[in-house]
Structure formats: structure tokens, C-alpha cells
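Close look at the chain arrangement
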Amino acid sequence: MKAALREFWASCTPAARLVFAVTFALIVAGVLIWTAYSAETARTRLRTAVTTLQAHAHQVDGQADEIERLRGKPTAPASQTDLRTLIQNQANAAGLARALGRVDATDADQVQVVFGSIAYAEWLAWIDRLEMQQVRLAACRIEALSARGMVSVTATLVRARPK
């Protein structure tokens, strides 16, 4: 193959050799320019991605610090009030007594509540407040009502046990 190429090159006129050399140089230059352009484009995309990932990592670090801070925070002592009374008082304090249909105590540390019609956002806020009182949601059935954002809820609440 080498011999065939040498023979071909030797049989070419100087003008043809010049055309081949210039064509080869242009092809090599084109490949180099395309490679440099691709590398620059990739570098720009990666720089943007790295900046985004650094911001995300900073946010995750902040969340991790917050989790550690909250884990170290002492929990509020569980209320010694009867659970049924505590639930009723919390519903009254949140202005949900009108929506509260029933509160049945199954035992000292477990109650079942029924809300006929309550705004879903109010329900979630109320559950958050109960968790601060060391009361957790054990079971729940939520059904959407025809009015936008309104639900009916049947839930079992239990007093959280100390760890």
C-alpha cells in the first residue's frame, strides 16, 4: 500500500501535489476547528451545570444543617391531658369545631375523628399543630368533596410514645 501511494505521489504533477497538500491541510484545519468549537460548547454547558449543582449542594448543606439543628432540639413534653379532650381543644383553638363531626376515644391513647367538610389546607395545618402536641396520625381516609379544596376526613390519632 505504501509503495502504491509513493508511486501515485511520484506520478502527480507539482500542481496536483499542491492541490492535494492544500486539501489535506484544509481538512485537518477543519477537524481541529470543529474539535475546538465542540470542546468550547461542552465547557460552557458544563460550567452552567457545575454552577447549578454547586447551588443545589449549598441548599442541601443548609437543609442538612437545619435537620441537625432540629434533631438536637428537645421535643415538647407530651400533654398529660386526656387525648379526646386535647383533640377537642385543639379543634376549637383552630376554629374547626364547626367541621368536627365526631371524636370517639377507643382507648386512653387513641381517638377517631370525623370531619364532615373541611378545607384540606386547614386539615394539614391542624395535623401539624397536633404533632407539636405529640399526637400523630395513625390512619386516615380523605375524600374530596364537590366544593374546590374541601374534603371529608376520617382519621385515627394516637398519642406518640417517647423514644
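The structure under discussion appears in the preceding block.
Read on for an overview of the structure. (Residues numbered from 1 in each chain as written. Predicted model: local features only at pLDDT ≥ 70, side-chain atom pairs only at ≥ 80, totals over all residues. Heavy atoms only, no water.)

1. A few points about the overall build of the protein chain
The helix and strand tally for the protein chain stands at four helices and four strands. Scanning the protein chain from its N terminus toward the C terminus, one meets helices and strands in the order α-α-α-β-β-α-β-β. Each of the three principal axes of the protein chain carries a C-alpha extent, and together these read 105 × 45 × 30 Å. Contacts in the protein chain between residues far apart in sequence, at least 24 positions, make up 54% of those at least 6 positions apart. Summed over all atoms, the accessible surface of the protein chain reaches about 12000 Å², with 62% contributed by carbon and sulfur. (Helix = DSSP H or I, 4+ residues; strand = E, 2+ residues; numbered from the N terminus. Contact = heavy atoms within 4.5 Å. Areas by Shrake-Rupley, 256 points an atom, 1.4 Å probe, with all protein chains shown as cover.)

2. Looking at the nonpolar core
Membership of the largest hydrophobic core comes to 21 residues, with the highest contact counts inside it found for I87, V113, F115, I118, W123, W126 and L157. Of all the secondary structure elements, the ones that give two or more residues to this core are α3 (83-93), β1 (100-107), β2 (110-119), α4 (120-132) and β4 (150-159). Sequence-distant contacts of V113, defined by excluding residues within four places in its chain, comprise I87, L100, R102, V103, V153, T154, A155 and L157. (Core = buried A, V, L, I, M, F, W, Y, C linked by side-chain atoms within 4.5 Å. Buried < 20%, exposed > 50% of the residue type's maximum accessible area, 1.4 Å probe, protein only.)

3. Digging into the sheet that holds strand β3 (residues 135-144)
Within the open sheet, the four strands sit side by side as β1-β2-β4-β3. Their pairing is antiparallel. Of all the strands in the sheet, the pair left with one neighbour each is β1 and β3. Averaged over all pairs of adjacent strands, the angle between their axes in this sheet comes to 15 degrees, without regard to strand direction. Note that β1 and β2 share six bridges and pair antiparallel. Bridge pairing in β2 links A105 to V111. Against the sheet, α3 contacts β1, β2, β3 and β4, and its axis sits at roughly 160 degrees relative to β1. (Pairing = 2+ DSSP bridges. Axes fitted to C-alpha atoms, helices over the stretch in contact; angles between N-to-C directions.)

4. Description of unusual backbone geometry
If a residue is not glycine, its phi is most likely negative; likewise, a peptide bond is most likely trans. Even without a glycine there, the phi angle at Q134 is positive, about 65 degrees. Within the secondary structure layout, Q134 lies in the loop between α4 and β3.

5. Describing the packing of aromatic side chains
All told, the structure shown has four aromatic pairs when counted by the stated rule. Arranged with centres 5.7 Å apart and planes meeting at 70 degrees, the rings of F115 and W123 form a pair that is edge-to-face. Ring centres of W123 and W126 lie 5.9 Å apart, and the angle between their planes is 45 degrees; on these two criteria the pair is classed as tilted. Of this pair, W123 and W126 are both found in helix α4, three residues apart, which corresponds to roughly one turn of the helix. (Phe/Tyr/Trp six-rings, centres within 6.5 Å; stacked < 30°, edge-to-face > 60°.)

6. Details of the pattern of salt bridges
It is possible for side chains of opposite charge to pair when their charged atoms get near one another. Using the criterion set out here, one finds seven salt bridges in the structure. A salt bridge links R71 to E68, with the shortest nitrogen-to-oxygen separation between them at 3.6 Å. With a gap of three residues between them, R71 and E68 both fall in helix α2 (residues 14-72), about one helical turn apart. Measuring nitrogen to oxygen at the nearest pair gives 2.8 Å for the salt bridge that ties R141 to E143. Classification of R141 by relative accessible area gives partly exposed; the value is 47%. For E143, a relative accessible area of 36% corresponds to the partly exposed category. (Salt bridge = Lys/Arg side-chain N within 4 Å of Asp/Glu carboxyl O.)

7. Here we look at the environment of L100
Within the element layout of this structure, L100 appears in strand β1. Taking the C-alpha atoms as reference points, L100 and V114, separated by 14 residues in sequence, lie 6.2 Å from one another. Non-local contacts of L100, meaning those with residues more than four positions away in its chain, are made with Q88, A91, V113, V114 and F115.

Function cannot be inferred from these measures alone, as they are strictly geometric.
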